[in-house]
Amino acid sequence: DLDKFQFVGVNDRKIYEVSARTTLLLEDLLNIWEASVRATHFFLSDEAIHQIKEYVPQALREVAHLILVETARGEWIGFMEIEQSRLEMLFLLPEERGKGIGKQLLQYGIQNFGIQEVTVNEQNPQAVGFYEHMGFAAYKRTDNDEEGNPFPLLYMRLVDNFSNTFPANKME
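Residues numbered from 1 in each chain as written. Predicted model: local features only at pLDDT ≥ 70, side-chain atom pairs only at ≥ 80, totals over all residues. Heavy atoms only, no water.

Considering helix H5 (residues 125–133)
- The complete set of buried residues in H5 reads Ala-127, Val-128 and Tyr-131. Along the long axis of H5, the arc covered by the buried residues comes to 100°, so they all point the same way. Those residues of H5 that are exposed and aimed more than 90 degrees away from the buried face are Pro-125 and His-133.
- Buried-residue contacts for H5 involve strand S5 (86–92), helix H4 (101–113), strand S6 (117–121), strand S7 (136–142) and strand S8 (153–158).
- Positive phi shows up at Gly-135, right after H5, with a value of about 100°. (Buried < 20%, exposed > 50% of the residue type's maximum accessible area, 1.4 Å probe, protein only. Helix = DSSP H or I, 4+ residues; strand = E, 2+ residues; numbered from the N terminus. Arc of directions from axis to C-beta. Contact = heavy atoms within 4.5 Å.)

What to know about the nonpolar core
- Counting residues in hydrophobic clusters, the biggest one holds 50 residues, and the most contacted among them are Phe-79 and Tyr-131.
- Here this core gets seven residues from one element, more than from any other, and that element is helix H1 (residues 23–40). (Core = buried A, V, L, I, M, F, W, Y, C linked by side-chain atoms within 4.5 Å.)

Some remarks on the environment of Leu-29
- You can see Leu-29 is positioned in helix H1.
- Along the sequence, Leu-29 and Val-56 sit 27 residues apart, while their C-alpha atoms lie 9.2 Å from each other.
- The residues contacting Leu-29, other than those within four sequence positions of it, are Leu-60, Leu-66, Leu-68 and Phe-79.

Observations concerning the packing of aromatic side chains
- All chains considered together, the criterion is met by seven aromatic pairs.
- Note on Tyr-131 and Phe-136: the rings are 5.9 Å apart at their centroids and 80° apart in plane angle, and the pair reads as edge-to-face.
- The class for Tyr-131 is buried, based on a relative accessible area of 7%.
- Aromatic ring contacts, followed pair by pair, group Trp-33, Phe-79 and Phe-91 into a single cluster.
- Positioned over the ring face of Tyr-155 is Lys-140, at 4.8 Å from the centre of the ring.
- Above the face of the Tyr-139 ring, Arg-157 is positioned so that its terminal group lies 3.6 Å from the ring centre. (Phe/Tyr/Trp six-rings, centres within 6.5 Å; stacked < 30°, edge-to-face > 60°. Lys NZ or Arg CZ within 6 Å of the ring centre and 35° of its normal.)

Let's talk about the environment of Asn-149
- Among the structural elements, Asn-149 can be located in the loop between S7 and S8.
- C-alpha separation for the pair Asn-149 and Ala-48, spaced 101 residues apart in sequence, amounts to 9.6 Å.
- Not counting chain neighbours up to four residues away, the residues in contact with Asn-149 comprise Asp-143 and Asn-144.

A short note on unusual backbone geometry
- Unusually for a residue other than glycine, Gln-84 sits at a positive phi of about 55°.
- Note that Gln-84 resides in the loop between strand S4 (76–83) and S5.

A look at the pairing of strand S3 (residues 65–71)
- Among the seven residues that make up S3, six are buried, leaving the element largely enclosed by the rest of the structure.
- The pairing of strand S2 (residues 13–18) with S3 spans six bridges and is antiparallel. Paired with Lys-14 across the strands is Glu-70, a residue of S3.
- As paired elements, S3 and S4 share six bridges and run antiparallel to each other. Residue Leu-68 lies in a different strand from S4, and its bridge partner there is Phe-79.
- Connecting S3 to the next strand, S4, in antiparallel fashion are four residues, including Gly-74 with a positive phi near 85°. (Pairing = 2+ DSSP bridges.)

Quick look at the side chain of Thr-71
- Inspection of the secondary structure puts Thr-71 in strand S3.
- The contacts of Thr-71, once residues within four sequence positions are left out, are Asp-12, Arg-13 and Ile-77.

Coordinates in, geometry out; function isn't part of it.
Structural data, given as structure tokens:
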């Protein structure tokens, strides 16, 4: 049984953290991850997706905070991972995008887990735009991802609207 706590209702959905990471849960989340990546990461080849997919279950098992979105029917439709104050992953089923669920997930993470940073593939303009809309600004760019692949990354921080310390046009 999943160890549910800290849930809030989102229309007919629940957002909550799980500590028990069962094989069934990991398989379902891996399916959500792959469907979302295929719908948004057009720059990745099938081969690249399969290579990355091998590492996702380990990340899901080891992350400090795994937050799920569940429908009233008990189906998982999205999740996010948080490590310290960093959003490591946020993925939704493609058919659930554009309904405000990602926004509510991120707001929940900011309020309850102090999310301050996220790293985004520059070649995923929808994600970049989403995080900018949510108050994040790029402070650093790399030509390659953390594994050395030619996928540019943007490192983004939550901007304090009062001090505007990290404006989007000031990169390290």
